[in-house]
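The primary structure of each chain is shown beneath.
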Amino acid sequence: MLLVLTVVDAMQMTAVWYLATYYDYRMPLFPFVTLIGAIGLALIEIKSIYEKAEDKVRIDKTVNFAGKVIADKGDIENIVKDVVDYMNQPDKHVQNDHGQSA
C-alpha cells in the first residue's frame, strides 16, 4: 500500500516541479499522500497490537485453569471446584444490556 501511495506522491511531486519550472506556480514539494497513508497504517497496527494483548490475557487465564486441573488430577472435588470457579469468572469484555460488565 505504501508503495502505491509513494508512486502517487511521485506523480504529484513531478507535477508540482513541472508547474514550478515552467509556469512559476509554487506549491510545497512534500509527499503528503504517503505521510497520511503511513499514519493510517500506524493506527491500524496499534489497534492490532491492543487486540492481540486482549487475546493473550484470555489465553493466560485458560492456561492457568488447565494448570490447576492438571495439578488436581487425582482429586475430583478440586477439579469440579476449579471448573466452577473458572466458569463463574466475569469476562470484562462481555457487557450486559445496561453497559455493565457481566
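Just so you know, these numbers come straight off a predicted model, no measurement behind them.

**Student:** What should I look at first to understand the overall build of the protein chain in this one?
**Tutor:** Each helix and strand in the protein chain was counted, giving three helices and zero strands. Ordered by position from the N terminus, the helices and strands of the protein chain form the series α-α-α. Within the protein chain, the fraction of its 102 residues that count as buried is 9%. Counting contacts in the protein chain only where the partners sit at least 6 residues apart, residues at least 24 apart contribute 35% of the total. Working note: accessible area of the protein chain is about 8600 Å², and carbon and sulfur atoms make up 66% of it.

**Student:** It is not clear to me how helix α1 (residues 2-23) should be interpreted in this structure. Could you clarify?
**Tutor:** Helical periodicity: at 3.6 residues per turn, an α-helix aligns residues three or four positions apart in one direction. Taking 1.5 Å of rise per residue, 22 residues should cover 32 Å, and α1 covers 30 Å from first to last C-alpha, within 8% of that figure. Phi turns positive one or two residues past the end of α1, at Asp24, with a value near 55°.

**Student:** Honestly, the side chain of Thr34 in this entry has me stumped. Any pointers?
**Tutor:** Inspection of the secondary structure puts Thr34 in helix α2 (residues 32-71). Engagement of the side chain of Thr34 in a polar contact is seen with the backbone oxygen of Leu5, the distance being 3.3 Å. Excluding residues within four positions of it along the chain, Thr34 makes contact with Leu2, Leu5, Thr6 and Asp9.

**Student:** How should the side chain of Asp9 be read in this particular structure?
**Tutor:** If you trace the backbone, Asp9 turns up in helix α1. The buried charged residue Asp9 lacks any salt bridge, with Arg26 as its nearest oppositely charged partner at 18 Å. In this structure the side chain of Asp9 is engaged in a polar contact, spanning 2.5 Å, whose partner is the backbone nitrogen of Thr34. Sequence-distant contacts of Asp9, that is, excluding residues within four places in its chain, are made with Pro31, Phe32, Val33 and Thr34.

Here is what the cut-offs are and how they apply
Residues numbered from 1 in each chain as written. Predicted model: local features only at pLDDT ≥ 70, side-chain atom pairs only at ≥ 80, totals over all residues. Heavy atoms only, no water. Helix = DSSP H or I, 4+ residues; strand = E, 2+ residues; numbered from the N terminus. Buried < 20%, exposed > 50% of the residue type's maximum accessible area, 1.4 Å probe, protein only. Contact = heavy atoms within 4.5 Å. Areas by Shrake-Rupley, 256 points an atom, 1.4 Å probe, with all protein chains shown as cover. Expected span 1.5 Å × (residues − 1). Polar contact = N/O pair within 3.5 Å; in protein donor to acceptor, adjacent residues only side chain to side chain. Lys, Arg positive; Asp, Glu negative; His and termini not counted. Salt bridge = Lys/Arg side-chain N within 4 Å of Asp/Glu carboxyl O.

Scope: geometric values only; no functional claims are made or implied.
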